[in-house]
Amino acid sequence: GGCAVMEPRAERWSPPAAGSTWEVAQRNTGSYGKDVRLQISRGEGTWEGAKVVTYSNSLGMTTMATPDDGSWIAIVGGNGKPLLSFDPPLGWQYPIMVGKTWTTSHKVTVHATGKTTAFESSCKVGDHGDVTVPAGTFKAFKLACTTTLGNEDTYWYSADHGIYVKTSLRRTEKSGFGPGTQESEMVSQAIRK
C-alpha cells in the first residue's frame, strides 16, 4: 500500500489566546519612518457593537479583527478614534494551502481626511516551511500580496500561532503614503493557545 502525503493546509484561523504577547522588530525606510520594536498584546473588544479580536501595540495603536477569520476591520489610535477602516474587512481566504490565489475588492477610509478609496488586493500562497526568526523556528505559509494602491507585501504566517512571524512590506511610488520598506521579525513571544 502507498501512503498519502498531506499537503500543509490551514482550514481556519486559530488566533492566539487573549493575553498572549509578542515582540516584533521593524527595520523601516522611507514612508514607514524609523526602526522600532513593538510589544503586541492580544485582547478583545467591540467595534460598532460587535465583538472583535484586538492587537494592541506599544505605540498605542490597536488593530481590530473579525473573530471568525482574523480579517482587519480597522486600526485605531491611542485615543480610540479610527485611523483606517476596511470595507469589507481585509484578510486571508481560508483554507490556506500552497498554490492558492485570490483577489478581493475593498474600500479603505483614512479617517483623518475622510477620504475613501476603492482598491483590489491579490494574494498567492507561495510555499510552506520552516522560518527562523529571533523568537525561534516556525512552520509558516509564505503569502505574497499586492494591491492596486501600490503595496507589494510578503507575509510568513504561522497557522499554528495565528500570527505573522515575519513580514516584508514595500510601498511603491504609487502609494499615497510615498515609497518605503518595512522588514519585521518576531523577536520574542509568550503566545498561549
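A short tour of the structure in this document, coming up. If you're wondering where the values come from, they're calculated on a predicted model, not measured in any experiment. (Residues numbered from 1 in each chain as written. Predicted model: local features only at pLDDT ≥ 70, side-chain atom pairs only at ≥ 80, totals over all residues. Heavy atoms only, no water.)

### Quick look at the overall build of the chain
Note the threshold: Counting from the N terminus, the helices are the DSSP runs of H or I reaching at least four residues and the strands are the DSSP runs of E reaching at least two. The globule rule used for comparison is 2.2 Å times the number of residues to the exponent 0.38, while the radius of gyration itself is calculated over C-alpha atoms. Residue burial is assigned from relative accessible area. The probe radius is 1.4 Å, only protein chains are included, and a residue is buried under 20% of its type maximum, exposed over 50%, and partly exposed in between. Residue contacts are counted whenever heavy atoms from the two residues lie within 4.5 Å of one another. For every accessible area listed, the method is Shrake-Rupley and the probe measures 1.4 Å; residues are considered covered only by the protein chains on display. Neither His nor the chain ends is counted toward charge; the positive residues are Lys and Arg and the negative residues Asp and Glu. By convention, charge coordinates are those of NZ in Lys, CZ in Arg, CG in Asp, or CD in Glu.
Regarding its fold elements, the chain presents 0 helices and 14 strands. Secondary structure of the chain in N-to-C order comes out as β-β-β-β-β-β-β-β-β-β-β-β-β-β. Here the C-alpha atoms of the chain give a radius of gyration of 17 Å, agreeing with the 16 Å that 2.2 N^0.38 yields for 193 residues. Each principal axis of the C-alpha atoms in the chain carries an extent, and together these give about 65 × 35 × 35 Å. Counting only residues that meet the buried cut, the chain has 43% of its 193 residues in that class. By sequence separation, contacts in the chain at least 24 residues apart represent 41% of the contacts at least 6 residues apart. Accessible surface, the chain as shown: approximately 10,300 Å² in total, 52% of it carbon and sulfur. Charged side chains in the chain number 20 positive and 18 negative. The centres of these two groups are separated by 2 Å.

### Here's the deal with the packing of aromatic side chains
Rules: Only centres within 6.5 Å qualify two rings of Phe, Tyr or Trp (six-membered ring in Trp) as a pair; their planes then separate them into stacked at under 30 degrees, edge-to-face at over 60, and tilted for everything else.
Here the structure, examined in full by the defined rule, presents 7 aromatic pairs. Taken together, a centroid distance of 6.0 Å and an interplanar angle of 75° make the contact between Trp92 and Tyr164 edge-to-face. Within this pair, whereas Trp92 is found in the loop between strand 7 (82-90) and strand 8 (96-97), its partner Tyr164 is found in strand 13 (residues 163-171), the two being separated by 72 residues in sequence. On the accessibility criterion, Trp92 (10% relative accessible area) is buried.

### A closer look at the state of the cysteines
Note the threshold: Only a pair of cysteine sulfur atoms within 2.5 Å qualifies as a disulfide here.
For the structure on display, the rule yields 1 disulfide. Between the sulfur of Cys123 and that of Cys145 lies a disulfide, 2.2 Å long from S to S. On the sign convention where negative is left-handed, the bridge of Cys123 and Cys145, at about 115° about the S-S bond, is right-handed. Within this pair, whereas Cys123 is found in strand 10 (residues 115-133), its partner Cys145 is found in strand 11 (residues 136-147), the two being separated by 22 residues in sequence. We classify Cys123 as buried; its relative accessible area is 5%. With a relative accessible area of 7%, Cys145 lands in the buried category.

### What about the sheet that holds strand 5 (residues 62-65)?
What counts, and what does not: Note on pairing: DSSP must find at least two bridges between two strands before they are called paired. Axes here refer to lines fitted to C-alpha atoms; in helices the fit is confined to the stretch in contact. Angles between the N-to-C directions go from 0 to 180 degrees.
One closed barrel accounts for 12 strands, arranged 2-3-4-5-6-7-9-10-11-12-13-14; its pairing is antiparallel. Taking each pair of neighbouring strands and ignoring which way they run, the sheet shows an average axis angle of 25°. As paired elements, strand 5 and strand 6 (residues 72-76) share 4 bridges and run antiparallel to each other. Residue pairing in the sheet places Ala65 in a bridge with Trp72 of strand 6.

Treat this as a map of the structure, not an account of what it does.
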